[in-house]
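Coordinate inspection notes
So the chains spell out like this:
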Amino acid sequence: MSPSTSTSRDTRPTTGAEAHTEAGAGTTSATATATAATAGSASRASTPEPPPPPSAGDAPAPLTPGTLRTIVRDLAERPEEWIHHVRLSTEDRWYRRLTADDDHEVWLISWLPGQSTGFHDHGGSRGAFTVALGELEELSLGGPEQGLLIRRVPAGTARAFGPEYVHDVRNTAVGPAVTLHAYSPPLSSMAHYDLRAGGLVRTSEEGPEQW
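Read on for a plain summary of the structure.

Conventions adopted
Residues numbered from 1 in each chain as written. Predicted model: local features only at pLDDT ≥ 70, side-chain atom pairs only at ≥ 80, totals over all residues. Heavy atoms only, no water. Helix = DSSP H or I, 4+ residues; strand = E, 2+ residues; numbered from the N terminus. Buried < 20%, exposed > 50% of the residue type's maximum accessible area, 1.4 Å probe, protein only. Contact = heavy atoms within 4.5 Å. Areas by Shrake-Rupley, 256 points an atom, 1.4 Å probe, with all protein chains shown as cover. Salt bridge = Lys/Arg side-chain N within 4 Å of Asp/Glu carboxyl O. Pairing = 2+ DSSP bridges. Axes fitted to C-alpha atoms, helices over the stretch in contact; angles between N-to-C directions.

A word on the overall build of the protein. When you go through the protein residue by residue, the secondary structure sums to 3 helices and 11 strands. Shown N-terminal to C-terminal, the secondary structure of the protein runs as helices and strands in the order α-α-α-β-β-β-β-β-β-β-β-β-β-β. In the protein, buried positions account for 29% of the 211 residues. Here the contacts in the protein between residues at least 6 apart in sequence split such that 68% fall between residues at least 24 apart. In the structure as shown, the protein presents an accessible area of about 13,400 Å², 53% of it carried by carbon and sulfur atoms.

Shown next, in the form of structure tokens:
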């Protein structure tokens, strides 16, 4: 036999306030749930989206002049990688691009006596060059008190420069010379200048289609 269960019923009268609370309990609970859900949606909507990742097509940051100097110096010590490309031209300097990466390029140039670049810039690229064989001379403008600077650049010497640099490089020696040059970003243009009494005057510009 199962134990008997007695149920006690509350027979107290219900007040209006109590009746309203009991009748609206389910509605109040549903309203609270809906309010919480709405608040959660609003909170999620107000949270800013993270920025998109960089596009694969974005240009890489340019290399520093110091890094470019290291590149040409290291390459000059491995002549087996470039010496078989060297050619000499009596018409003008001979050149060949050895490396073409997204962030830099490397050029091989040969010079016969008397050949020169003339004053030129590098289209906003940073650069460096080293003389692997022979000897060159570099001309550039210093400050107002320095005027024209002339540097001898013998074999084993490396020069590095920033994006605004203008210079003239020439072979004033009696024998040929070979140099290695690195630019970052790769060259997109080069402007040429004449040195006149008042300073450098821009005379022309060339692009990759002319190299």
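Take the pattern of salt bridges next. In a structure, side chains of opposite charge can pair up when their charged atoms sit close to one another. Applying the stated criterion across every chain yields a total of 8 salt bridges. Across the pair Glu138 and Arg151 runs a salt bridge whose closest N-O atoms are separated by 3.8 Å. Pair noted here: Glu138 is in strand S5 (residues 135-141) and Arg151 is in strand S6 (residues 148-154), with a separation of 13 residues, a long-range link. Residue Arg151 is classed as partly exposed on the basis of its relative accessible area, which comes to 28%. Between Glu138 and Arg159 there is a salt bridge whose closest N-O contact spans 2.6 Å. With Glu138 in strand S5 and Arg159 in strand S7 (residues 158-161), this residue pair connects regions lying 21 residues apart in the sequence.

The next thing to look at is the pairing of S6. Pairing geometry for S5 and S6, over 7 bridges, is antiparallel. Residue pairing across strands places Glu138 opposite Arg151, the latter belonging to S6.

Relative to the helices and strands, Gln210 is located in the segment after strand S11 (199-206). Assessed through its relative accessible area of 47%, Gln210 is described here as partly exposed. Measuring from C-alpha to C-alpha, the distance between Gln210 and Ser189 comes to 9.7 Å, with 21 residues separating the pair along the chain. The contacts of Gln210, once residues within four sequence positions are left out, are Tyr95 and Glu205.

Turning our eyes to something else, we now look at the environment of Ala61. For Ala61, the position within the fold is in the loop between helix H2 (25-46) and helix H3 (65-76). A residue is classified by how much of its surface remains accessible, and Ala61, at 61% relative accessible area, is exposed. Residues Ala61 and Ser184, spaced 123 residues apart in sequence, show a C-alpha to C-alpha distance of 8.7 Å.

One open sheet accounts for 3 strands, arranged S6-S5-S8; its pairing is antiparallel. Either end of the sheet is taken by a strand with one partner, and the two such strands are S6 and strand S8 (168-170). This sheet shows a mean twist of 20 degrees between the axes of neighbouring strands, independent of strand direction. Pairing between S5 and S8: 3 bridges, direction antiparallel.

Across the sheet, 3 strands lie side by side as S3-S10-S11; this open sheet has antiparallel pairing. Each having just a single partner strand, strand S3 (119-120) and S11 make up the two edges of the open sheet. Sheet topology places S3 next to strand S10 (residues 190-196); 2 bridges connect them, and they run antiparallel. Among the inter-strand pairings, Phe119 is bridged to a residue of S10, identified as Tyr193.

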